[in-house]
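The lines below spell out each chain.
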Amino acid sequence: LNRYLLPLAAFALLLVVLIVGLRHAPEKGVIASPLLGKSAPQFTLPDLLDTQNPMRTDALRGHWSLVNVWGTWCEECRAEHATLLQIKQQGRVPIIGIDWKDDDAQARAWLTELGNPYDHVGADREGRVAIDWGVYGAPESFLVNPAGTVVYKHVGALTPQIWAQEFLPHLL
Amino acid sequence: MKAPALLALALMLWVPCALAVDSTPPLPNPVLQQRYLALTHELRCMQCQNESLADSPVGLASDLRRDVRELLQAGQSDDQIRDHMVARYGEFILLRPRMNWRNAWLWRAVHADRSDHRRARVARSAPARGYR
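Enquirer: Can you tell me about the nonpolar core, naming the residues and giving the values?
Expert: If you look at soluble globular proteins, the nonpolar side chains tend to sit buried side by side. Counting residues in each nonpolar core, the largest one holds 64 residues, and the members touching the most others are L66 and W133 of chain A together with V68 of chain B. Filtering out sequence-adjacent residues up to four positions away, W133 of chain A remains in contact with L35, A40, P41, F43, L60, V67, I98, F142, V144 and V150 of chain A.

Dropping the structure here:
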């Protein structure tokens, strides 16, 4: 009997390990950000909405913020836009946009056409700030706390459900 | 010329075009250029994920190649440049994973397995490879 018991026990243990591993596996294709729990990267970008004053990391200090990386070339961003407008309307957090490798005029036209959910929009024409944030596709959204720490990151379009279930609990 | 010869010629002319993704001129310093090529081949294009920076035509890859060039010219070491990328994109950006406390047992397993096959000496000098 002992001859079979040990391999069987080993197999059962392996099964448990694999099931737990699968259950806890993060969504396929989404890469955990090393930024979580760390200070938001420093940046200074020309502000699309205020040509006199550049947008700086200070824009994130003293209050919760939603940092949203987008571009007019990004179809998913168009799908996401209505959700951003809703979040703006709720008034819980200011939304800071990073317009990633885009044309300024086209970006302004987009905001005029679809409505503007952003308090500030930095024009990241060369894509350097997006890289500092570890962005690898648009849209991506970050929740930053009043101390300037990145608390949560979502890759892909925001929806009202994702906002309510994954972002809002952090704000309570 | 016969058809096979023509085909071979066409292939010879076509292949280099297909491979030249990185169209930037080489760095003036040949040592830096060598390190640039090595680094861009061992860093992952995060957008396409199974290609290296050197092999990927997407915009993010060319932006990251630009950053590698700039960091090299600023005098940073290979390890500093790897750390710079890992700080932004995580260990996943390294096509050849580094050993750390979380994956040490995996590395040990690879070594143990290889020494079973009496290739211990080779294994120690050439640890597990990434996806390349």
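Enquirer: Can you tell me about the sheet that holds strand β5 (residues 120–124) of chain A, naming the residues and giving the values?
Expert: Residues and elements named next belong to chain A. Reading across from one edge, β5-β4-β3-β6-β7 is the order of the five strands in this open sheet, with mixed pairing throughout. A strand with exactly one partner marks an edge of an open sheet, and here the two such strands are β5 and β7 (150–155). Sheet twist, expressed as the mean angle between neighbouring strand axes with direction ignored, is 20°. Pairing of strand β6 (residues 140–144) with β7 involves five bridges; the strand directions are antiparallel. By the bridge assignment for β7, L143 is matched with Y152. Across the face of the sheet, helix α3 (residues 104–114) comes into contact with β3 (65–70), β4 (95–100) and β5 while running at roughly 120° to β3. Together, β3, β6 and β7 form the strand contacts of helix α5 (residues 160–171), whose direction differs from that of β7 by roughly 170°.

Enquirer: If you had to explain the confidence of the model for chain B to someone new, which residues and values would you point to?
Expert: Residues and elements named next belong to chain B. Here chain B averages 79 in pLDDT, while 70% of its residues score no lower than 70. For chain B, per-element mean pLDDT is lowest for helix α6 (residues 120–125), which scores 45, and highest for helix α4 (residues 78–89), which scores 96. Under a pLDDT of 50 for its full length, residues 119–132 has, in the predicted model, 24 contacts with residues more than four places off or in other chains.

Rules behind the numbers
Residues numbered from 1 in each chain as written. Chains lettered and ligands numbered in written order. Predicted model: local features only at pLDDT ≥ 70, side-chain atom pairs only at ≥ 80, totals over all residues. Heavy atoms only, no water. Core = buried A, V, L, I, M, F, W, Y, C linked by side-chain atoms within 4.5 Å. Buried < 20%, exposed > 50% of the residue type's maximum accessible area, 1.4 Å probe, protein only. Contact = heavy atoms within 4.5 Å. Pairing = 2+ DSSP bridges. Helix = DSSP H or I, 4+ residues; strand = E, 2+ residues; numbered from the N terminus. Axes fitted to C-alpha atoms, helices over the stretch in contact; angles between N-to-C directions. pLDDT = per-residue confidence, 0-100.

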